[in-house]
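Observations on the model geometry
The chain contents come next:
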Amino acid sequence: MSLLDRVQKQQGPDPSVPEGAYVPQAGQPAARPPQGRMNTASARPRTPFEQTTERVKVRLQARLIEEIDQTEEQSQDETAARIVELLDAVVAELGLTMTKLEKQKLQDSVLHDFLGLGPIESLVNDPAITEIMVNGPNQVFVEQKGKLTLSSIQFESDSQLRRVIDRIVSTIGRRIDESSPMVDARLKDGSRVNVIIPPLALNGAILTIRKFSKTPYMINDLIGSGKTTTLNVLSSFIPEEERIVTVEDAAELQLNQDHVVTLESRPANVEGRGRIAIRDLVVNALRMRPDRIVVGECRGGEALDMLQAMNTGHDGSLTTIHANSPHDSLNRLETLVLMAGAELPSRAIREQISSAINVIVQQSRLRDGQRKVIAISEVIGLHGDQIKTQDIFVFKQTGVGEDGRVQGYFTPTGIMPKYFDHMQSSGEGVSKDLFKPVPDPAGKGGA
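Residues numbered from 1 in each chain as written. Predicted model: local features only at pLDDT ≥ 70, side-chain atom pairs only at ≥ 80, totals over all residues. Heavy atoms only, no water.

Observations concerning a nonpolar patch on the surface
On the surface, a nonpolar cluster with roughly 200 Å² of combined accessible area is contributed by L234, V359 and V361. Along the chain, the position of L234 falls in helix α7 (residues 227-235). The exposure class assigned to L234 is partly exposed, which follows from its relative accessible area of 33%. (Patch = residues over 30% accessible without salt bridge, like charges linked within 9 Å, V, L, I, M, F, W, Y side chains within 5 Å. Areas by Shrake-Rupley, 256 points an atom, 1.4 Å probe, with all protein chains shown as cover. Salt bridge = Lys/Arg side-chain N within 4 Å of Asp/Glu carboxyl O. Helix = DSSP H or I, 4+ residues; strand = E, 2+ residues; numbered from the N terminus. Buried < 20%, exposed > 50% of the residue type's maximum accessible area, 1.4 Å probe, protein only.)

See below:
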């Protein structure tokens, strides 16, 4: 949406349009009106079929608890067959009359609900969708090619959404309820899941799924990827003979090397005990004889332990951090070290940072939804009391096309990195021509 469009939107509705009329906006389905702000407090009326389906599921759930032995090992197909058998019995008990199409639709809904992810199962299996955002039972947004759109998928009820959420978090031994209303989890394919429910979420249960490719990304897939994918690809260059220890809140990294140890943090139990934080795992990783330590994200006191690891022989270790620019990331890192309770003067912290960090890769989501690496910067040391950085590669934006896509190109800045001699002596064979600036490819529309 352009600036002019946003101004016109703020000015209110078009007086030529009758009050109450629905005017579809770009990217919105014309079949049903928008639901106002991202608000799901007022549920839509359920169809008779949905009401019947919910009745069946409630009765079926009780039968499943009574008749299926939880200790008995069964395959997915065997469990599905038993659920279908009990479903037929429940339909007969309730005296329901259904067409063949309705019965098949009910069976699919039940199997997705009890064995899968309910109505969003098809979205999870769609490789074109990269993110799924469930804002209560009546509103499901998806991200495709960096753009958010409102899907036609809806849950039948709050209880159906909560069943799906409970199934996701229980598979990794976690729980979610009013005493613990936030949780990070993952799906079987490694996709990242975040859930937050009332009383913290005022509009109902919120489920966010960040999907990851079933096939590990390679270096050519970096264009358009997020920071976790980039971290995963960069980690793939670690030599096979080295021992890698990964530390994450929810295990998402997919490394193909043989010698990989994966550590995952743990929240507190019902009594508030047993929490294992990222920082605890980083400290433990140092005792595991790692050659490389990869921390999914530094956002607390673990930043200090990560710096110490990088300064004690674990060269080439990797992590991510949220910041607006390469230099801002160093300032944020200093703040995180202070959060660890370390009573160190600022200069001492900056000396550790400048010694530990060699290269910063800055990623941003552009206004058109694209994710790009917009800068690769080198940390060149401490000058006075400030850490100095220099950009080696940058993305230069040249404009915005008629289709709204950002135009620009990647170019070296012309600065030769300090680590060039080290790369040469290590046998990398990088040419100096790689660092020569390139001209603006006018008329090509950018990279």
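As for the packing of aromatic side chains
Aromatic ring pairs are described here by two measures, namely the spacing of the ring centres and the angle between the planes. As enumerated under the stated definition, the model contains three aromatic pairs in all. Taking the centre distance of 5.7 Å and the plane angle of 35° together, the rings of F393 and F435 count as tilted. Linking F393 in strand β13 (residues 386-400) with F435 in the segment after α12 (420-425), this pair joins segments that are 42 residues apart in sequence. Given the relative accessible area of 21%, F393 is considered partly exposed. Here the aromatic rings of F395 and F410 are separated by 5.0 Å at their centres, their planes lie at 55°, and the arrangement is tilted. Of the two residues, F395 sits in strand β13 while F410 sits in strand β14 (residues 406-412), which places them 15 residues apart along the sequence. Look at F395 and you get buried, because its relative accessible area is 10%. Three or more aromatic residues link up through ring pairs in this structure, and these residues are F393, F420 and F435. (Phe/Tyr/Trp six-rings, centres within 6.5 Å; stacked < 30°, edge-to-face > 60°.)

Quick look at the environment of P326
The topology assignment puts P326 in helix α10 (residues 326-339). For the pair P326 and A375, spaced 49 residues apart in sequence, the C-alpha separation works out to 7.6 Å. With residues near it in sequence (within four places) discarded, P326 still touches I360, Q362, A375 and S377. (Contact = heavy atoms within 4.5 Å.)

Structural notes on the nonpolar core
Grouped together as the largest cluster of nonpolar side chains are 31 residues, with contacts concentrated most on V245, V247, L263, V295, L307, I353 and I357. Those elements giving two or more residues to this core turn out to be β7 (244-248), β8 (260-264), α8 (278-285), β9 (292-295), α9 (302-310), α10 and α11 (346-356). Apart from the residues within four sequence positions on either side, I353 is in contact with L307, L330, L333, E334 and I387. Counting 25 residues, the second-largest nonpolar core is a separate cluster that includes I129, I132, V142 and V164. (Core = buried A, V, L, I, M, F, W, Y, C linked by side-chain atoms within 4.5 Å.)

Concerning unusual backbone geometry
For the bond from P198 to P199, the omega torsion is 15°, close enough to zero to count as cis. Structurally, P199 is set in the loop between β5 (192-196) and β6 (206-210). Unlike most non-glycine residues, R289 shows phi in positive territory, near 55°.

Here we look at the sheet that holds β14
Spatial ordering of the open sheet is given by β11-β12-β13-β14, a layout of four strands whose pairing is antiparallel. Bordering the open sheet on either side are β11 (359-365) and β14, each of which pairs with just one other strand. In this sheet, adjacent strand axes meet at a mean angle of 30° when their direction is disregarded. Note: β13 against β14, seven bridges, orientation antiparallel. Bridge pairing in β14 places Q397 opposite G408. (Pairing = 2+ DSSP bridges. Axes fitted to C-alpha atoms, helices over the stretch in contact; angles between N-to-C directions.)

Description of the sheet that holds β9
Pairing in this open sheet of four strands is parallel, and the strands run β8-β7-β9-β10 from one edge to the other. Every other strand in the sheet has two partners, leaving β8 and β10 (318-319) as the edge strands with one partner each. In this sheet, β10 lies alongside β9 in parallel orientation, the contact comprising two bridges. Residue pairing across strands places V295 opposite T319, the latter belonging to β10. Seen against the sheet, α8 touches β7, β8 and β9 and runs at an angle of roughly 170° to β7.

Concerning the packing of helix α4 (residues 100-115) against helix α6 (residues 158-170)
Where α4 meets α6, the closest approach of the two axes is 8 Å, and the angle between their N-to-C directions is 45°. It follows from the interaxial angle that α4 and α6 lie oblique. Facing S109, H112, D113, F114 and L115 of α4, the residues of α6 in contact are Q160, R163, V164 and R167. Of the residues belonging to the contact of α4 with α6, the class tally is three nonpolar, three polar and three charged. (Parallel < 35°, antiparallel > 145°, perpendicular 65-115°, else oblique. Nonpolar A, V, L, I, M, F, W, Y, C, P; charged D, E, K, R; others polar.)

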